[in-house]
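# A structural walkthrough
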Amino acid sequence: MPIFNKPAFRGSGEKKRDMPEGLWQKCSGCGEVIHELELKKNLRVCPQCNFHFTLNSQERIESITDPGTFEETEKKIKSVDALEFKGYKDKLAKYQKITGLPEAIVTGRAKIIGHPVVLGVMDFRFLGASMGSVVGEKITRAIELAIEEKSAIIIVSASGGARMHEGILSLMQMAKTSGALALLDRAGLPFISVLTHPTTGGVTASFATLGDIILAEPGCMIGFAGPRVIKETTHQDLPDGFQTAEFMHEHGLVDIIVERRELREKLASILGYLLT
Ligand SMILES: [Zn+2]
């Protein structure tokens, strides 16, 4: 039968199921539709294909710290619109409302299987966890706190890079956070950097890749510029798997790729080796 004469497809005749928004998530790895509760139980890792969905800062803190030990620091510093960048103030207000966070990183003290640590966790929901003055300042203060308390620092990164709304003030944070890490190094204290999807731009080009030990979640994107920009600039084809955690591991940037459900124990064992 010619294709144009075929009767129109009318579906199975079943009534469309009611799917309340937000209760089901489609996995970007395998396309499977997973219930929110199942995903939550599994630390937001796809039970079919192991795809790691992004975690917000609160979920990340809960997944790696001992219950009730996280004590937030520097909760009050907020960004200002120093350059009067069009729309920036409104964006800050919008993301503060959506996330309930003052800025794109949460810092504090915590314990991981009994090991005290200073922790910073970026939250990609807040303006792509871009690094402006406040993100840079909070990271710097967290490093200084670790030096003061003779503790290790762990920063879990996920970021679109430097925050363009703050121009050069944002780029300065790359030097500031790197400088603070040099002081941590002089104090003989370790920085464990955890890279999650996606870690890019000025964050990759500064503190995130300066870890004494660099961990990454499987499959996460790690890079400076995006693949399209690199391809157009260099006019070269990029290798398979370019900018994935696995590629970076193979080429020496990442030390260990850690599954999310093993991250807490891995961090505790590293802290145990380095600080006891
Ligand atoms: Zn999947």
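No experiment lies behind these values; they were computed from the predicted model shown.

### Quick word on the sheet that holds strand β7 (residues 191-199)
Reading across the sheet, the 7 strands line up as β3-β4-β5-β6-β7-β8-β9 and stay open at both edges, with mixed pairing between neighbours. With partners counted over all chains shown, the strands left at the sheet margins are β3 (71-73) and β9 (256-257), one partner each. For strand β5 (residues 115-122) and strand β6 (residues 152-159), the ladder comprises 5 bridges, and the chain directions are parallel. By the bridge assignment for β6, leucine 119 is matched with isoleucine 154. Helix-sheet contacts for helix α2 (residues 57-64) involve β4 (105-112), β5, β6 and β7, and the interaxial angle to β5 is about 160 degrees.

### What to know about the coordination of the zinc ion
Distances from the zinc ion to its protein donors, namely Cys27 (SG), Cys30 (SG), Cys46 (SG) and Cys49 (SG), fall within the range 2.3 to 2.4 Å. Here the zinc ion is ringed by 4 donor atoms whose angles at the metal span 105 to 112 degrees, and the overall shape comes out tetrahedral. Written as a sequence motif, the donor arrangement for the zinc ion is C-x2-C-x15-C-x2-C. According to the relative accessible area criterion, cysteine 27 is buried, its value standing at 3%.

### Digging into the pairing of β7
Among the 9 residues in β7, 8 count as buried, and that is most of the element. Regarding topology, helix α5 (residues 167-186) serves as the crossover connection from β6 to the parallel β7, and that connection is right-handed.

### Some thoughts on the confidence of the model for the chain
Regions with low pLDDT carry predicted coordinates that are not meant to be interpreted in detail. Put simply, the chain has an average pLDDT of 93, and 92% of its residues get 70 or more. Low confidence marks residues 11-16, where pLDDT is under 50. Its contacts with residues over four positions away, or in another chain, come to 0 contacts.

### So, the packing of aromatic side chains
Applying the stated rule across the entire model yields 3 aromatic pairs. Here tyrosine 95 and phenylalanine 126 contribute two aromatic rings whose centre-to-centre distance is 6.2 Å and whose plane-to-plane angle is 45 degrees, an arrangement assigned as tilted. One end of the pair, tyrosine 95, is in helix α3 (residues 88-99); the other, phenylalanine 126, is in the loop between β5 and α4 (133-148), with 31 residues separating them in the sequence. Phenylalanine 126 gets classed as buried once you look at its relative accessible area, which sits at 0%. Between phenylalanine 242 and phenylalanine 247, the ring centres sit 5.6 Å apart and the planes meet at 75 degrees, which makes this aromatic pair edge-to-face. By relative accessible area, which is 26% here, phenylalanine 242 ends up partly exposed.

### A word on unusual backbone geometry
The step from histidine 197 to proline 198 runs through a cis peptide bond, and the omega angle for that step is -20 degrees. You can see proline 198 is positioned in strand β7. Even without glycine at this site, asparagine 50 takes up a positive phi of about 70 degrees. The topology assignment puts asparagine 50 in the loop between α1 (36-41) and α2.

### Considering the domain arrangement of the chain
Partitioning the chain into domains gives domain 1 (18-52) and domain 2 (54-275). Here the C-alpha centroids of domain 1 and domain 2 sit 25 Å apart. The partner domain 2 presents 9 residues to the 6 residues of domain 1 that form the contact. Taken over both partners, the interface formed by domain 1 and domain 2 buries close to 750 Å², and the fraction arising from carbon and sulfur atoms is 49%. When residues of domain 1 are sorted by the area they lose upon contact with domain 2, Leu43, Arg44 and His52 head the list and together hold 74% of the total. The interface formed by domain 1 and domain 2 includes 1 salt bridge. One salt bridge connects arginine 44 with glutamate 59, and the closest N-O pair in it is separated by 3.9 Å. Our count for the contact surface shared by domain 1 and domain 2 stands at 4 residue pairs in polar contact (both at pLDDT 80 or more). When grouped by side-chain class, the residues that make up the side of domain 1 that touches domain 2 number 2 nonpolar, 3 polar and 1 charged.

Reading guide: rules and limits
Residues numbered from 1 in each chain as written. Predicted model: local features only at pLDDT ≥ 70, side-chain atom pairs only at ≥ 80, totals over all residues. Heavy atoms only, no water. Pairing = 2+ DSSP bridges. Helix = DSSP H or I, 4+ residues; strand = E, 2+ residues; numbered from the N terminus. Contact = heavy atoms within 4.5 Å. Axes fitted to C-alpha atoms, helices over the stretch in contact; angles between N-to-C directions. Donors = N, O, S within 2.8 Å, 3.2 Å for Na, K, Ca; no water. Tetrahedral: all angles 85-135°; square planar, octahedral: opposite > 155°, others 65-115°. Buried < 20%, exposed > 50% of the residue type's maximum accessible area, 1.4 Å probe, protein only. Right-handed = clockwise from strand over helix to strand, strands pointing away. pLDDT = per-residue confidence, 0-100. Phe/Tyr/Trp six-rings, centres within 6.5 Å; stacked < 30°, edge-to-face > 60°. Domains from an automatic or database assignment. Buried area = accessible area lost by both parts, 1.4 Å probe. Salt bridge = Lys/Arg side-chain N within 4 Å of Asp/Glu carboxyl O. Polar contact = N/O pair within 3.5 Å; in protein donor to acceptor, adjacent residues only side chain to side chain. Nonpolar A, V, L, I, M, F, W, Y, C, P; charged D, E, K, R; others polar.

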